[in-house]
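# Residue-level structure breakdown
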Amino acid sequence: MSLLFAAPGWDEGFWLKRFAALLPGRAFVTPQTLADRAAVRYAIAWRPPRGLLADLPRLEAIFSLGAGVDHILSDPRLPDVPIARIVDPDLTARMSEWVALHCLMHLRQTRRYERQQRERMWDDDDDQPAARDVRVGILGFGELGRDAAGKLAALGFQVAAWSASAKSAPGIACFDGAAGLEAMLARADILVCLLPLTAATRGILNASLFARLPREGRLGGAVLINAGRGGLQVEADILAALDSGALKGASLDVFETEPLPKDSRLWTHPAVYVSPHNSAISHPDAVARAIAEQIQAHERGEPLRNVVDRKKGY
Ligand code: NDP
Ligand code: OXD
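Structural notes, computed from the coordinates. This is a predicted model, so every value here is computed, not measured.

## What about the site of ligand 1?
- Lining the immediate surroundings of ligand 1 are 29 residues, of which R85, F141, S165, K167 and Y314 lie closest.
- Within the backbone of E143, an N or O atom sits 2.9 Å from an oxygen atom of ligand 1.
- Between ligand 1 and the protein, one listed contact pairs a nitrogen atom with a side-chain N or O atom of S279 at 3.2 Å.
- Contact with the protein chains covers 90% of the free accessible surface of ligand 1, which is 930 Å².
- Counting residues per element, the ones that place at least two in the shell around ligand 1 are α3 (89–107), α5 (143–155) and β7 (158–163).
- Residues that form the shell around ligand 1 fall into these classes: 15 nonpolar, nine polar and five charged.

## Concerning the layout of surface pockets
- Of the volumes computed, that of the second largest pocket is approximately 390 Å³.
- What lines the second largest pocket is a set of 19 residues, and nearest its centre among them are H106, Q109, R111, R112 and K248.
- Element by element, the count of residues in the lining of the second largest pocket is highest for helix α4 (residues 110–118), at five residues.
- Taken together, the residues of the lining of the second largest pocket break down into eight nonpolar, four polar and seven charged.

Procedures and definitions
Residues numbered from 1 in each chain as written. Chains lettered and ligands numbered in written order. Predicted model: local features only at pLDDT ≥ 70, side-chain atom pairs only at ≥ 80, totals over all residues. Heavy atoms only, no water. Near = heavy atom within 4 Å. Polar contact = N/O pair within 3.5 Å; in protein donor to acceptor, adjacent residues only side chain to side chain. Areas by Shrake-Rupley, 256 points an atom, 1.4 Å probe, with all protein chains shown as cover. Helix = DSSP H or I, 4+ residues; strand = E, 2+ residues; numbered from the N terminus. Nonpolar A, V, L, I, M, F, W, Y, C, P; charged D, E, K, R; others polar. 1 Å grid on protein atoms, 1.4 Å probe; cavity = no way out; pocket = protein on both sides within 12 Å on 5 of 7 lines; lining within 4 Å. Points joined across faces, edges and corners; volume = space filled by probe spheres on them.

Structural measurements only, silent on function.
This is the structure:
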């Protein structure tokens, strides 16, 4: 029986050493060394090559090396086995750090003061809003959205969150469904997106949505922060909204095409922060341990945790 590690572009030696230490005595294969397809029992994957996971007759489960699973579910030849994703406190905490950092950077006008420092300009004549004056709306109230919401509320922001199903949480205004989205957008000075990429959410961050954001908030316009997936956003619409004033600023960690093409205007737009899809890189030891523990539990007859609902797509 073997474990297939399929994560093109990742350092296979580094990862296989970690998995071998946690799961001693197992055979590990990669797409390049895969010879006996009938021996593969588990697949550990990040953006696996299309069709690779088909025709593995003894495959019992697929483990995503990240929290998202769109990179696996998009394979039209995906076998019908459970897919488990990473839910890890280290990853969650790092995402909340990034979200809080960017909410605070927009609140405290970091770009402006960096420019002023470069120009040796002492301009303190400013009306500084406090976090309590600013309304944050979070799209997605799952593992990541919930943690970020709690931390932003602790900083004093007025926090709301939107999910598919109805939720409640102390101190957070919760919205769900289509009507809930309208109500939440209307009070989002900062819109944070922590949604998964599914058929229902693809392209949701578009011109029509930006037009429903308030312009009268204390930041002088709405700000978009997206760390969900690049496929959630229409980049041409973001740039047009920044130019028209429908958006005041944006922080983007994910992009339609990654790496972000060199000629994208997002790189140089003065109101945009770009980070290279690393808002929440969890420690490799934490990821490997989480997957190894799942495999060991499964072999003791325990149910897999964090299994994806394939109908919902997340
Ligand atoms: P969860 O599955 O825990 O949460 C997803 C949330 O989105 C849930 O609240 C869900 O609603 C909501 N949702 C999904 N579809 C819809 C919809 N159509 N309408 C309204 N709400 C919807 O995921 P996580 O919080 O763990 O992760 C979210 C995403 O973050 C991942 O899928 C991944 O793409 C991204 N990510 C990005 C990283 C990065 O480095 N940039 C790192 C890690 C993750 P409900 O609660 O009702 O189900
Ligand atoms: C993830 C990611 O989904 O890093 O974990 O994007």
